[in-house]
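Topology and contacts: notes
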Amino acid sequence: MLILRSSGILMHISSLPSPYGVGTMGKDAREFVDFLVRSGQSYWQILPVCPTSYGDSPYQSYSTFAGNPYFIDLDKLEQEGLLEACEFKDIDWGGTSEKVDYGELYNKRYPVLKLAAERFLQAPSEAFDTFCAENGFWLEDYALFMTLKNMNDGLPWLEWEIACRNHDPKALEKIGKEKKGDILFWKVLQFFFFSQWHELSAYANERGIDIIGDLPFYVALDSVDVWAHPELFQLDAERQPVDVAGCPPDGFSATGQLWGNPLFDWNVHRADGYSWWIRRIGYLCKVYNVLRIDHFRGFDSYYAIPHDAPDASSGRWQEGPGIELFKAMEAAIGPQRIIAEDLGFMTDSVRQLLKDSGFPGMKVLEFGFDTREPNHADYLPYNYPEHCVAYTGTHDNDTVQGWFTSAEPEDVDLAKDYMRITDMSDGHWDMMKELWASVAELTIVQAQDILGLGSESRMNTPSTMGANWSWRALPGVFDENLAEKLNYFTKIYGR
């Protein structure tokens, strides 16, 4: 259950200010929590915290369970005696204070973390042993996978030597003995990550802030999840995908979107009672206070595209597991606090699945003004059900101020008339106030929108690569004046 008539801010950890090239779980994360408290907010929503791979997307990760080592706070490691200041404070991490340079992080972060891990392993704690035991169901395979990936110069697992590619037990046992130190390194990084994560989460919870995390529906082909459990996916005899994920052509793309993720073999999942999904959802519900499930409609039906297709136009819809999966989940782990991302191509059966699940769905105000879509009014506040989570935009949308300059002129005119906007420089506040005034039990706005930033600060443009996921907030922007202004509107709109 969510807190009725409440509000929060969407701000990924990578976007926090920090002197070390990317946001971390350190001082600036706690200061952002303090800002949320002063602003009268109840929720902090983030994107998936799993390790990023090629393309830097948190939705294409090497592991659905692991945490991103880039978010480990180096100052904290120094305080614990695992690093010296001279070993990390003078490094040029690349990028700018407004952009993450993931290439520089990849090259420079791991040598620093390796120093800390080596010192830690000189006298590992009992807490580390406990962590490894409790998380062994994913940690063992993950540490081995990352070790093998480094041994193969970062190549995808499908390009490894045949025995390792096919997860041959004898070959992996041999590598496990030979590369014991490397495997321990990857385990220690996860221990560092989750130790700091639980401290940050506790800090937020103690101050009345709940954290909303994110579960990507699909997993990446080049991931430990597919490598270690190929039977769960629609793969051929060579472990290549038969079909891949995406979405059909629509008003945004004439050829649809070709995501390339392998599809789940739902017959296998159904046969064992959806144990992998139950473990995955249950695990993340312990990591976060509330879990947003991305691409929820994929549980009803999913779009399957031939593996060798040049685009998504030749795909077809296939039946998913439906409510059966969530009944099995609730029977195993009880009711959970879940938000269903029910955006995209909607059908009566998707709407019924959302209703049967009892989860709140999502409404995106920017969609309400997109006149290309016949049902765009469903996203206008007068049509919101109380049991929903409403957004100005998500990480896949332009910022509000960016939308005002990039959307079709007739759509912008509709928005201006609907919200009675007279001063476009304050248009982001008008849109946020429209959202806060709605009946939605929870509203979330992007950090970029409370700052009034334009398209240059957009988090992601779907179906593009190269400039996504890199936006960072400048130091000092979440100041007392902004907190007071947000707190004022939080009070007058009863949030």
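Residues numbered from 1 in each chain as written. Predicted model: local features only at pLDDT ≥ 70, side-chain atom pairs only at ≥ 80, totals over all residues. Heavy atoms only, no water.

What follows concerns the overall build of the chain. From N to C terminus, the chain includes 18 helices and twelve strands. Projected onto its principal axes, the C-alpha positions of the chain cover 70 × 55 × 40 Å. Burial analysis of the chain (495 residues in total) assigns 57% to the buried set. Split by element, the accessible area of the chain, about 20,300 Å² in all, is 51% carbon and sulfur. Here the chain holds 42 positive side-chain charges and 74 negative ones, and the gap between their average locations is 4 Å. (Helix = DSSP H or I, 4+ residues; strand = E, 2+ residues; numbered from the N terminus. Buried < 20%, exposed > 50% of the residue type's maximum accessible area, 1.4 Å probe, protein only. Areas by Shrake-Rupley, 256 points an atom, 1.4 Å probe, with all protein chains shown as cover. Lys, Arg positive; Asp, Glu negative; His and termini not counted. Charge placed at Lys NZ, Arg CZ, Asp CG, Glu CD.)

The next point concerns the layout of surface pockets. Volume-wise, the second largest pocket comes out at about 340 Å³. As for the second largest pocket, its lining consists of 16 residues, and the residues nearest its centre are Asn135, His198, Tyr283, Lys286 and Val287. Residue assignment for the lining of the second largest pocket shows that the elements contributing at least two residues are helix H4 (126-134), helix H8 (180-206) and helix H11 (275-287). In terms of residue count, H11 provides more of the lining of the second largest pocket than any other element does, six residues in total. (1 Å grid on protein atoms, 1.4 Å probe; cavity = no way out; pocket = protein on both sides within 12 Å on 5 of 7 lines; lining within 4 Å. Points joined across faces, edges and corners; volume = space filled by probe spheres on them.)

A few words on helix H1 (residues 27-38). Helix length check: H1 (twelve residues) gives 17 Å between terminal C-alpha atoms against 16 Å at 1.5 Å per residue, within 8%. Within the span of H1, buried status applies to Asp28, Ala29, Phe32, Val33, Phe35 and Leu36. Down the axis of H1, the buried set is contained in an arc of 155°. They therefore lie on one face. The inward-facing, buried residues of H1 contact strand E1 (6-10), strand E2 (43-45), H8, helix H17 (447-450) and helix H18 (480-492). Of the residues trailing H1, Gly40 is marked for its positive phi of about 80°. (Expected span 1.5 Å × (residues − 1). Arc of directions from axis to C-beta. Contact = heavy atoms within 4.5 Å.)

Quick look at the packing of H11 against helix H12 (residues 323-333) now. Closest axis-to-axis distance for the H11/H12 pair is 10 Å, and the angle between their directions is 60°. Our classification of the angle between H11 and H12 gives oblique. Considering how the two elements wind past one another, H11 and H12 form a crossing that is right-handed. Here Trp277, Ile278, Ile281 and Gly282 of H11 come into contact with H12, specifically with Leu325, Ala328, Met329, Ala332 and Ile333. Here the contact of H11 with H12 is composed, by residue class, of eight nonpolar, one polar and no charged. (Axes fitted to C-alpha atoms, helices over the stretch in contact; angles between N-to-C directions. Parallel < 35°, antiparallel > 145°, perpendicular 65-115°, else oblique. Left-handed = near helix turned anticlockwise from the far one by under 90°. Nonpolar A, V, L, I, M, F, W, Y, C, P; charged D, E, K, R; others polar.)

Take the sheet that holds strand E8 (residues 316-319) next. Taking strand neighbours across the sheet as the criterion, the four strands line up as E5-E4-E7-E8 in an open arrangement whose pairing is antiparallel. The strands lining the two open edges of the sheet, one partner per strand, are strand E5 (257-262) and E8. Averaged over all pairs of adjacent strands, the angle between strand axes in this sheet comes to 50°, irrespective of strand direction. (Pairing = 2+ DSSP bridges.)

Taking strand neighbours across the sheet as the criterion, the eight strands line up as E9-E6-E3-E2-E1-E12-E11-E10 in an open arrangement whose pairing is parallel. The two strands at the open ends of the sheet, each matched to only one other strand, are strand E9 (338-340) and strand E10 (361-364). Neighbouring strand axes in the sheet, compared pairwise and without regard to direction, differ in orientation by 25° on average. Pairing geometry for strand E3 (residues 210-215) and strand E6 (residues 290-293), over four bridges, is parallel. If you follow Ile212 over to E6, its bridge partner there is Val290. In the packing of H1 onto the sheet, contacts are made with E1 and E2, and the angle to E2 comes to roughly 135°.

On to the environment of Thr96. Examined against the element boundaries, Thr96 turns out to sit in the loop between helix H2 (74-79) and helix H3 (102-120). In terms of polar contacts, Thr96 uses its side chain to reach the backbone amide nitrogen of Glu98, at 3.0 Å. (Polar contact = N/O pair within 3.5 Å; in protein donor to acceptor, adjacent residues only side chain to side chain.)

With that settled, consider the state of the cysteines. Summed over all chains, the structure comprises zero disulfides. In this model Cys247 remains outside any disulfide bridge; the closest cysteine sulfur is found in Cys50, 20 Å from its own. Taking the relative accessible area as the measure of exposure, Cys247 reaches 14% and is therefore buried. (Disulfide = S-S within 2.5 Å.)

What you see with strand E11 (residues 388-391) is no split at all: Cys388 and Ala390 on one side and Val389 and Tyr391 on the other are buried throughout. In terms of strand pairing, E10 meets E11 through four bridges, oriented parallel. Within E11, the residue paired with Met362 across the bridge is Val389.

It is worth spelling out the side chain of Ser357 at this point. On the secondary structure map, Ser357 appears in helix H13 (residues 348-357). A polar contact of 2.8 Å, which involves the side chain of Ser357, links it to the backbone oxygen of Leu354. Within polar-contact distance, the side chain of Ser357 engages the backbone nitrogen of Phe359 at 3.1 Å. If we skip the residues at most four places from it in the chain, Ser357 touches Phe296 and Ile323.

What follows is about the pattern of salt bridges. Tallied over the full model, the rule gives 23 salt bridges. We note a salt bridge from Glu199 to Lys76, for which the minimum N-O separation is 3.5 Å. Residue Glu199 is found in helix H8, and its partner Lys76 is found in helix H2; the two are separated by 123 residues along the sequence. With a relative accessible area of 23%, Lys76 lands in the partly exposed category. Taking the shortest distance from any N to any O, the salt bridge between Arg292 and Asp214 comes out at 3.0 Å. On the criterion of sequence distance, the pair formed by Arg292 in strand E6 and Asp214 in strand E3 is long-range, its members being 78 residues apart. (Salt bridge = Lys/Arg side-chain N within 4 Å of Asp/Glu carboxyl O.)

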